[in-house]
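Results of the structural survey
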Amino acid sequence: MKKGLFVTVEGPDGAGKTTQMARLADYLRCRGSRVITTREPGGTPAGEAIRAILLSPDMALGERAELLLYLAARAEHVRTVVRPALEAGHIVLCDRFCDSTLVYQSMVRGLPLETVQATNDFATGGLGPDLTFLFDADPVLLQARMGKRGGQDRMEQEGLAFQQAVRSGFLTLAARFPARIVTLDAGRGEDEVFLAMTAAWEAFLAQKKEVESE
Ligand SMILES: Nc1ncnc2c1ncn2[C@@H]1O[C@H](COP(=O)(O)OP(=O)(O)OP(=O)(O)O)[C@@H](O)[C@H]1O
Ligand SMILES: [Mg+2]
């Protein structure tokens, strides 16, 4: 039985997901929570090997193969890392999860949404996040940030139109799941984004306590 909390961070490349997730992990640990941080694709030895294929700039992949590789990595990740940690009562912070799959593989690459949802549910056994932080910002601003970082992976090589489609895909999901997805303006400074994220976290906890005491 699941006792912990599953929190995902989502959004386009360069939006600050990894930066803010590390800060949230510190924040939660300082408050006494047991936290594990992980990422997709990856998080397991098989998952990291699959990640290397998926992000390799030289690897041509059709969208069906791409979907199945992401989901193979996810199945292993959920089975061996996420579910056991949740059952042990940890807070699991995961850098990208099912929303990225819905956005990139369906809304952007064009695979049917029902197929992506059904295969995702097969991979996860129906496990989904309790809370998701969506880091949203103008792709032009994010490209400037990424430019400073150097070297691009296979997804980052796609052009601005692709990044705009990604942004609008995530915003569509946020509108569809307003109770789960908290959208943060990631165009602001790192500290401001962090403050907004922790305020949303505290609001989420307060609401959860209220529901549990009813
Ligand atoms: N709010 C911010 N303002 C300016 N720069 C930022 C901000 N947040 C993060 N950065 C910087 O932008 C770059 C991208 O941040 P980060 O790696 O956290 O993004 P990401 O969403 O994890 O990207 P990716 O999807 O490629 O892993 C880093 O160099 C980071 O230091
Ligand atoms: Mg990252």
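Structural notes, computed from the coordinates. All of these numbers come straight from a predicted model, not from anything done at the bench. (Residues numbered from 1 in each chain as written. Chains lettered and ligands numbered in written order. Predicted model: local features only at pLDDT ≥ 70, side-chain atom pairs only at ≥ 80, totals over all residues.)

Attention now moves to the overall build of the protein chain. Summing up its helical and strand segments, the protein chain has eight helices and five strands in all. Sequence-ordered secondary structure for the protein chain, helices as α and strands as β, is β-α-β-α-α-β-α-α-β-α-α-β-α. For 214 residues, the compact-globule estimate of 2.2 N^0.38 gives 17 Å, and the protein chain sits close to it at 17 Å. Dimensions along the principal axes, computed over C-alpha positions, put the protein chain at roughly 50 × 35 × 30 Å. For the protein chain, the residues scored as buried account for 35% of the 214 residues in total. Taking as baseline every contact in the protein chain between residues at least 6 positions apart, the subset at least 24 positions apart corresponds to 80%. (Helix = DSSP H or I, 4+ residues; strand = E, 2+ residues; numbered from the N terminus. Rg over C-alpha atoms; globule rule 2.2 N^0.38 Å. Buried ≥ 20, exposed ≤ 12 C-beta atoms within 10 Å, placed from the backbone. Contact = placed C-beta atoms within 7 Å.)

To continue, consider the nonpolar core. Ranked by size, the top nonpolar core spans 42 residues in total, and within it Val 82, Val 92, Leu 93, Val 103, Phe 135 and Leu 184 carry the most contacts. Broken down by element, this core gets its largest block of residues, eight residues, from helix H3 (residues 63–87). Ignoring any residue separated from it by four or fewer positions in sequence, one finds Phe 135 in contact with Val 9, Gly 11, Ala 15, Gly 16, Lys 17, Gln 20, Leu 184 and Ala 186. (Core = buried A, V, L, I, M, F, W, Y, C linked by C-beta atoms within 7 Å.)

Lining the immediate surroundings of ligand 1 are 13 residues, of which Asp 13, Gly 16, Lys 17, Thr 18 and Thr 19 lie closest. Among the elements of the structure, helix H1 (17–30), helix H6 (139–149) and helix H8 (190–213) are those that each provide at least two residues to the shell around ligand 1. Element by element, the count of residues in the shell around ligand 1 is highest for H1, at three residues. Considering only residue class, the shell around ligand 1 consists of two nonpolar, six polar and five charged. (Near = placed C-beta within 6 Å. Nonpolar A, V, L, I, M, F, W, Y, C, P; charged D, E, K, R; others polar.)

What follows is about the environment of Asp 136. Turning to its location among the elements, Asp 136 is positioned in strand S4 (residues 131–136). Along the chain, Asp 136 and Lys 17 lie 119 residues apart, while their C-alpha atoms are 10.0 Å from each other.

In any sheet, the strands associate via hydrogen bonds between backbone groups, in a parallel or an antiparallel arrangement. Within the open sheet, the five strands sit side by side as S2-S3-S1-S4-S5. Their pairing is parallel. Of all strands in the sheet, those with a lone pairing partner are strand S2 (35–39) and strand S5 (181–185), marking the two edges. The sheet shows a mean angle of 20° between the axes of neighbouring strands, taken without regard to direction. Two elements, S4 and S5, share five bridges in a ladder whose sense is parallel. (Pairing = 2+ DSSP bridges. Axes fitted to C-alpha atoms, helices over the stretch in contact; angles between N-to-C directions.)

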